[in-house]
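In case you want the letters, here they are:
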Amino acid sequence: MKEIDYLAPSSLGEAYAALQTGKTSAFLAGGTDIIVQLREGRKQVDQLIDVKHIPELVSYKWTDDGGLEIGAAVPFAEIYGDAEIVHRLPCLIDCATLVGGIQIQSRACFGGNIGNSGPAADTIPALIALGATLTVGSADGLRDIRLEEFFTGPGQNVLGSGELIVKVNIPPQPANSGSFFHRFIPRNEMDIAVVNVGARLDLDSNGERIEGARISVGAVAPTPLYVAAAGDALVGEAPTDEAFARAADIAADAATPITDMRGSIAQRVHLTRVLTNRALNEALARSRED
Amino acid sequence: MTTTEKPDYKVVGTRPIRPDGVEKVTGKALYGADINLPGLVHGAVLRSPHAHARIVSIDTSAAQAMPGVLAVVTHADLPVVSDKALDMGEGISTASDMSKNVLAADKVLYRGHAVAGVAATNVHDALSALEAIKVEYEVLPPVLNVQDAMREDAPLLDDSRHTKTPTGDLSDNASNIAAHTRFEGGDVEAAFAAADIVVEREFDTKMVHQGYIEPHNGTANWNSDGTLTVWTSTQGAFAVRSALSELLKLPVSRIRVIPMEIGGGFGGKIGLYLEPIAAILSRKSGRPVQLTMDRTDVFQATGPTSGGHMKGKIAVKDGKITAAEVSLAFEAGAFPGSPVGAGAMCMLSPYEVENFKVDAFDVVVNKPKVAAYRAPGAPNASFCVEQLIDELARESGADPLQFRLSNSAREGSRMITGVAHPRIGHEETVQAVQSSDHYQSPIEGPNRGRGVASGFWFNAGMQSSVIASVNPDGTVNLIEGSTDIGGTRASLAMQLAETLGIEYERIRPTVADTDSVGHNDVTGGSRTTYASGQAVYEAGLDVQQQMVSRAAKLWECETEDVEYVDGSLRHKSDSEKTITFAELAGKQMETGGPLQGRGTVMARTPGAAFGVHLVDVEVDTETGKVEILRYTIAQDVGTAVHPSYVEGQMQGGVVQGIGWALNEEYYYGEDGRMENSSFLDYRMPTSLDLPMIDTIIVEVPNPGHPFGVRGVGEVPIVPPLAAIANAINDATGHRFTELPISPRRVVEELHNLQ
Amino acid sequence: MPTRRTHIQTNLNGEEVDFLCEPRQSLLEVLREELGLTGTKEGCNNGNCGACSVIMNGRVVNSCCVLGVEAEGAEVTTIEGVAEGEALHPLQQCFLEEAALQCGVCTPGFIIASKALLDSEPSPDEGRIRHWLAGNLCRCTGYDKIVRAVLKASDMEEVSA
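On a predicted model such as this, the values are computed, not experimentally measured, just so you know.

(A) Fine view of the overall build of chain C. A tally of helices and strands in chain C yields 5 helices and 5 strands. Starting at the N terminus, the α and β elements of chain C follow one another as β-β-α-β-β-β-α-α-α-α. The C-alpha atoms of chain C give a radius of gyration of 16 Å, which matches the 15 Å a tight globule of 161 residues would have. Split into buried and exposed, the 161 residues of chain C put 65% on the buried side. Long-range contacts, defined as pairs at least 24 residues apart, comprise 54% of the intrachain contacts of chain C with a sequence gap of at least 6. Per element, the accessible surface of chain C, about 5400 Å² overall, is 45% carbon and sulfur. For chain C, the distance from the average position of its 13 positive side-chain charges to the average position of its 24 negative side-chain charges is 8 Å.

(B) Quick look at the sheet that holds strand E3 (residues 53–56) of chain C. Residues and elements named next belong to chain C. Ordered by their spatial adjacency, 5 strands build an open sheet running E2-E1-E5-E3-E4, and the pairing between neighbours is mixed. Every other strand in the sheet has two partners, leaving strand E2 (15–21) and strand E4 (59–62) as the edge strands with one partner each. Looking at each pair of strands side by side, their axes are set apart by 40 degrees on average, direction ignored. Summarising the sheet, strand E1 (residues 6–12) and strand E5 (residues 75–77) pair through 2 bridges and their orientation is parallel. What sits directly across from Leu12, in E5, is Val76. Packed on one face of the sheet, helix H3 (residues 107–120) meets E3, E4 and E5 and runs near 35 degrees to E3.

(C) Fine view of the interface of chain B and chain C. Every contact between the two is made by 56 residues of chain B and, on the other side, 48 residues of chain C. For the chain B and chain C pair, buried surface summed over both sides reaches about 4200 Å², with 58% attributable to carbon and sulfur atoms. Ranking the residues of chain B by area buried against chain C places Val25, Ile213 and Met692 of chain B at the top, with a combined share of 18%. Counting the contacts that link chain B with chain C gives 4 salt bridges. In this structure, the connection of chain B to chain C is made through 24 residue pairs in polar contact (both at pLDDT 80 or more).

(D) Examining the domain arrangement of chain C more closely. All names here are of chain C. Domain annotation of chain C identifies domain 1 (6–81) and domain 2 (90–160). Here the C-alpha centroids of domain 1 and domain 2 sit 21 Å apart. Across the contact, 13 residues belong to domain 1 and 13 residues belong to domain 2. Together, the buried faces of domain 1 and domain 2 total about 990 Å²; carbon and sulfur atoms form 70% of this surface. Counting every contact that joins domain 1 to domain 2 gives 3 residue pairs in polar contact (both at pLDDT 80 or more). It is E3 that contributes the most residues to the side of domain 1 that touches domain 2, 3 residues altogether. Across the side of domain 1 that touches domain 2, the residue classes tally to 6 nonpolar, 6 polar and 1 charged.

(E) Highlighting the domain arrangement of chain B. All names here are of chain B. For chain B, the domain assignment lists domain 1 (21–28 + 461–603), domain 2 (32–140 + 216–292) and domain 3 (308–410 + 419–459 + 607–750). Relative to domain 2, the C-alpha centre of domain 1 lies at a distance of 38 Å. Counting residues at the interface gives 20 residues for domain 1 and 20 residues for domain 2. Between domain 1 and domain 2, the buried area comes to about 1500 Å², and carbon and sulfur atoms account for 56% of it. The largest share of the area that domain 1 buries against domain 2 comes from Ile485, Thr514 and Val522, three residues that together contribute 38% of it. The tally of links from domain 1 across to domain 2 stands at 3 salt bridges. Put simply, Arg256 and Asp513 hold a salt bridge, and the shortest N to O gap is 3.1 Å.

(F) Broad picture of the interface of chain A and chain C. On the side of chain C, 30 residues touch chain A, which itself brings 31 residues to the contact. Both sides of the chain A and chain C interface together cover about 2400 Å² of buried area, and 56% of this is carbon and sulfur. Looking only at chain A, the three residues that lose the most surface to chain C are Glu3, Ile102 and Gln103 of chain A, adding up to 29% of its buried area. Inspection of the chain A/chain C interface yields 2 salt bridges. A salt bridge links Lys52 of chain A to Glu70 of chain C; the shortest N-O distance between them is 2.6 Å. Linking chain A with chain C are 11 residue pairs in polar contact (both at pLDDT 80 or more), by the criterion used here. Elements that contribute at least two residues to the side of chain A that touches chain C include exactly strand E1 (5–7), helix H2 (34–39), strand E3 (47–50), helix H3 (76–80) and helix H6 (102–105) of chain A.

(G) Inspection of the environment of Tyr6 of chain A at higher detail. Turning to its location among the elements, Tyr6 of chain A is positioned in strand E1. Judged by relative accessible area, Tyr6 of chain A falls into the partly exposed class, the value being 22%. Placed 44 residues apart in sequence, Tyr6 of chain A and Asp50 of chain A show a C-alpha to C-alpha distance of 7.3 Å. Not counting residues up to four positions away in its chain, the partners in contact with Tyr6 of chain A are Leu28, Leu48, Asp50 and His53 of chain A together with Pro23, Leu67, Val69 and Glu70 of chain C. Within polar-contact distance, the side chain of Tyr6 of chain A engages the side chain of Asp50 of chain A at 2.6 Å.

Basis of the calculations
Residues numbered from 1 in each chain as written. Chains lettered and ligands numbered in written order. Predicted model: local features only at pLDDT ≥ 70, side-chain atom pairs only at ≥ 80, totals over all residues. Heavy atoms only, no water. Helix = DSSP H or I, 4+ residues; strand = E, 2+ residues; numbered from the N terminus. Rg over C-alpha atoms; globule rule 2.2 N^0.38 Å. Buried < 20%, exposed > 50% of the residue type's maximum accessible area, 1.4 Å probe, protein only. Contact = heavy atoms within 4.5 Å. Areas by Shrake-Rupley, 256 points an atom, 1.4 Å probe, with all protein chains shown as cover. Lys, Arg positive; Asp, Glu negative; His and termini not counted. Charge placed at Lys NZ, Arg CZ, Asp CG, Glu CD. Pairing = 2+ DSSP bridges. Axes fitted to C-alpha atoms, helices over the stretch in contact; angles between N-to-C directions. Buried area = accessible area lost by both parts, 1.4 Å probe. Salt bridge = Lys/Arg side-chain N within 4 Å of Asp/Glu carboxyl O. Polar contact = N/O pair within 3.5 Å; in protein donor to acceptor, adjacent residues only side chain to side chain. Domains from an automatic or database assignment. Nonpolar A, V, L, I, M, F, W, Y, C, P; charged D, E, K, R; others polar.

Right under this line is the structure:
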């Protein structure tokens, strides 16, 4: 690794100041991506800013209206170790428990996974399905961004050079709502997604009619996709196999994947359909749980 | 299960704690990268970014001038060596090919091919210096598979290479086919013409890696007296020494190779990569130099095993296999020496086949030079043959195990080499699977299937030597020279304890360096417990004999009157006169001085190993994922010295085979770059991908070994590829002929995706 | 070229330790090169094999994906700190008895990861163990005996608890 400076600011203000020095920077939270990228020469910066000493980034809390705000650097293991989150937001647990192995989950975090902006990132389709927003901060203050509007290309996003991701906000979920995140990998752990899908279904009080739906697909385009049309097609429908199949077809049509060592175009389009279908069925089942 | 009565052993067949165990579970064991030496500096290796290119020039001057840099070397720093063949134990290479593989000469032949080495005060400086080395390449088109490489108009890796043909002559035209070997017997044409059923298919496999967890390393100290000391993780310290002697033109006696603990090898840690570079960097810098590979280097620049193309045709008449015609073309990588010949000789060996024609092509391609990998060549070749056998059994309406049994080779059956099998245990192994709970339990449920396959491996003998030093307190130091990769210190100490009739705990085994014990061939070919075990037995007999003489001296009688029984010396006719091993060991000063036993063998009677595997799978036909539901392996091991480690070898081999069958492959871009050179994307099985692996130990003792030992380690990787393919065929009705049978391949073939 | 080295204080295997390191050095590199603790192994250096597992502040991490400077004020346990004097940890004993190692190079990582599991969940079942250990690669054993060793150790811990 090239020589590098290391800073560990203890407040957002200090972090913003570090971003103003004219040096190129990267953030260090879990380190599971950035340290490897720097070591392998895939990225080069003057300084690493360790954000784990900034209180806002390493804590999480429920909001009064039932939403969840997660500091960008809270490790996944802390999230899935919280019984209330496991109970109330199982979709979040779906993704948090399958990023890498246990060693990765001890350190890796939502802010890192989002900031890294990989097209196949495992937490993103789950968070998009849940309707998450990001709060990013800079010396000018804080601003909120809808997650599906954050990504601009592989490894690229709208974050300005003076900004950092402060927290991820998951809005309160409606009463008869269920969400599920589904990933396909060749092994059972430790792989990058060939395709991953997050799906949310909001049903009416009888559970017979879909009132809202959100579907997001990863690893099939330069950025994680929010396929609004697939969700919209379900609104007003009964949660039937036929309706899910139509939504899955729309999701598959939206996929524009590439062929690489992790999968082929044909396989990924096919899997988009299969996984969307499965995720919708699982989301439906969850919507009927307490 | 034991199929043959065996003697009542006291130590052999028990499960003691291995001698090196505590050091390994506490982190104290020293592997190659763990040593530190006074003045040690670190190095790095510059590697080719191209799969095929001519080196126009190398300019190292800027790198040499960088701060912290102590030495820079290229191929020009290596002596010119001959085409002399170097037998490394598993696979033969020439000195000049090996030298050019260590550091590229006029051409780079694969991406990752070493071009230059740097030593610097720390590894970060060494890595920075690599960027300052200027290499001008003339990039050439690469050839990346055997079919392309065999075309007449293919780009040639070496314009001066001609094919060694079956007659022994060289071909007229230069070629990427280094050798074509043929085995023929009987009348194939007539047998095919008369057959009831003939099946014929083509198969393809990809290059795969052994995947040991410890990367290669090499540390060298070129002393000012012209002697060289090398610390390395190797399967064969003596092979390293002899190869270094050839490559560096140093007398053997001036080189001392110290084998460190080795973090896995499976055949891949026999060849030399870093050791010669570390040696010349040390000579130039005057400092001890340590080189280690990163994981990408390990994938791109060591010795995986061949992928290849195979075509097979087998005939059956009246339920009997009557003819086989098989053509195998294997990738050798950048230099000749694929295991295609071994694959050809193994694949039909479980069966009696009277009429056969087998062609084997050794083909160079722009990929790393292959090395041995567990039963080299046999798994790929069996992927072809064992699927054809499965198809023949199905078409005959026969149970696949019964079909194998009725066609099984037995004592006296001739292999395609013409050599007759001695006492072998294939039939017993098939029967063990037939009577297993697994086979007796039907498989049920949609998209589930069951497959079986047999496998054969020769097992190797070769040379071993050991020393047994008897201590005055009745303990024994066993000095041996076989690298211990998976528990052979235990299995050798156990054999010495058994021979001497004393407790296992009294034997302390040590793997010594090349100055401290006689020659030992590599730990490979499943030979160590067998051949070094034989040397241990010889050493034990030597100790016994010397003790008999000493007891005779004590008792003032003839040696004929003394016998060695169960760890004691007894006078045959005077029951008052007995002395235990420990008591006599304590009287060394009075009975003639230090007592040391020696054993040296050129082991020539290895017992062949057969394994039969049974696997149940479930295929998710929508995603293409194959789950291994249950796996049972039965194997004839001769005699299981330490059953736990025998089981471990079987389970480990199976799991490597499962990886090879389902996900592992070198995935190349068109430019010849391996795109998945990380553990993330190479996808070896994790604990979560597997069930427990059930083992059935079959013991048909090898008559050529004092305790009946056959080799164990290699044959377990032979059957899984075909067994799994057969199970998937059973589950889906589709026969997969190309590896890996990855989810991508499964969905693409089952759903006809383009 | 003089490199800037930072002074770091950490609790390592129960002892207060201080060392100097460059920001670019990983915790793995610091343990092995600066502190001479070579029991922690490098298998891939990019977080995909678990051979370099250590327990840091109660959680198992890949030390190749942690910087040495991040250890400031942390509590770190390496394989060298698992046994108590001559008394092996139940996991170490069970790995020996069950023949759960062959070449042994992945063993420190497996024992550390398994310890982290048993420290938080004393009686995991086979499925839980397999899931927990999926980040640790072993190429020799096929995992069978490793999983059995962890199951056995969890039984021993229950008895002793």
